[in-house]
Amino acid sequence: MHESVWKSLGVDVKIAGVVLAGGQSLRMGRDKATLTIAQQTLLERSVDLLHRVGFDDCFVSGQYEGFDCIADQQTDLGPIAGIAACAKQLYHDYDAMFIIPVDMPLLAEQDCRYLLQYFLTLNTTNTELSIPQGVYYQKTTFPMLLTLNQALLDYLADVVTTTNKKHRSLYRLLESLDIKGFNQKEENAFRFENTNTPEQWQHCLTLLRAMQ
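In this report, we go over the structure that sits alongside the text. Please read these numbers as outputs of a predicted model, since none were measured by experiment.

### Details of the environment of Phe-119
Note that Phe-119 resides in helix α4 (residues 109-121). Sequence separation between Phe-119 and Leu-145 is 26 residues; the distance between their C-alpha atoms is 7.8 Å.

### Some remarks on the pattern of salt bridges
Summed over all chains, the structure comprises seven salt bridges. Residue Arg-113 is joined to Glu-109 by a salt bridge in which the shortest nitrogen-to-oxygen separation is 3.2 Å. With Arg-113 and Glu-109 both in helix α4, this residue pair falls four residues apart, about one helical turn. Look at Arg-113 and you get partly exposed, because its relative accessible area is 28%. Among the ionic pairs, Arg-191 bridges to Asp-111, the shortest N-O distance being 2.6 Å. Of this pair, Arg-191 sits in the loop between β11 (180-182) and α7 (198-211) while Asp-111 sits in helix α4, and the two are 80 residues apart along the sequence. A single network of salt bridges, built from pairs that share partners, joins Asp-48, Arg-52, Glu-109 and Arg-113.

What counts and what doesn't
- Residues numbered from 1 in each chain as written.
- Predicted model: local features only at pLDDT ≥ 70, side-chain atom pairs only at ≥ 80, totals over all residues.
- Heavy atoms only, no water.
- Helix = DSSP H or I, 4+ residues; strand = E, 2+ residues; numbered from the N terminus.
- Salt bridge = Lys/Arg side-chain N within 4 Å of Asp/Glu carboxyl O.
- Buried < 20%, exposed > 50% of the residue type's maximum accessible area, 1.4 Å probe, protein only.

See the structure below:
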C-alpha cells in the first residue's frame, strides 16, 4: 500500500514496521506481549496489524522466538532504547520506521493509515515532496513514524548514553527533532489506550466486547 502511494508522488521510500515489546511489564505483573485476545497474543496482533496496513517487513523490539527481533543494546532505559536499537540496525536498509507499542490492542488499521498518509502528504507542494523528520499522534505519542537519517542516529546515540533521565524522554525526542504532531479524532481516542495494569487490561477487553 505505502509503496504505491509514495510512487504516485514520485518518491520511492522503504518503511519498516516496528513493534515496541521490550518493556519489563512491571505494573502488569506479566509480559504484556503474551496477553491474548481471540487466541492471538498482543504481539501477534500488533505484527498482523502492521502487515495489514501494508508493511511487508516488520520487526519486534525485544526478544521473542518466531519473530524478527532487535534486542536493546542498553537495558532499563525504556522505549527510547528500543527505538535506538531498531534505528541503528534498520538505517542502511530502510528510509523510515513506523512504530507501534505492543500494549495498544484497540489500535485500528485506519489509525495507522491516517498517520502514514499525513506523513506522505506533509509539506507536499504539487509534485515535490519535502520529507519530514517524522510524525506522531499527539496526546498518545504512538503510533510514531521516524525518518531514518543521521540526525536521528546521532540524537539517539547521545540520549542512550546520557545519565540525565529527562533526556531519554520521548517528548524531548519529538521536540528536539521537530517531529510533526497529528491529532486523532476525539471519538477515536479510546483506541489509543494503553494496557499497563491488570485494571487497564480488563477495561480494554470490555471496550473490545462492546465494539464487537
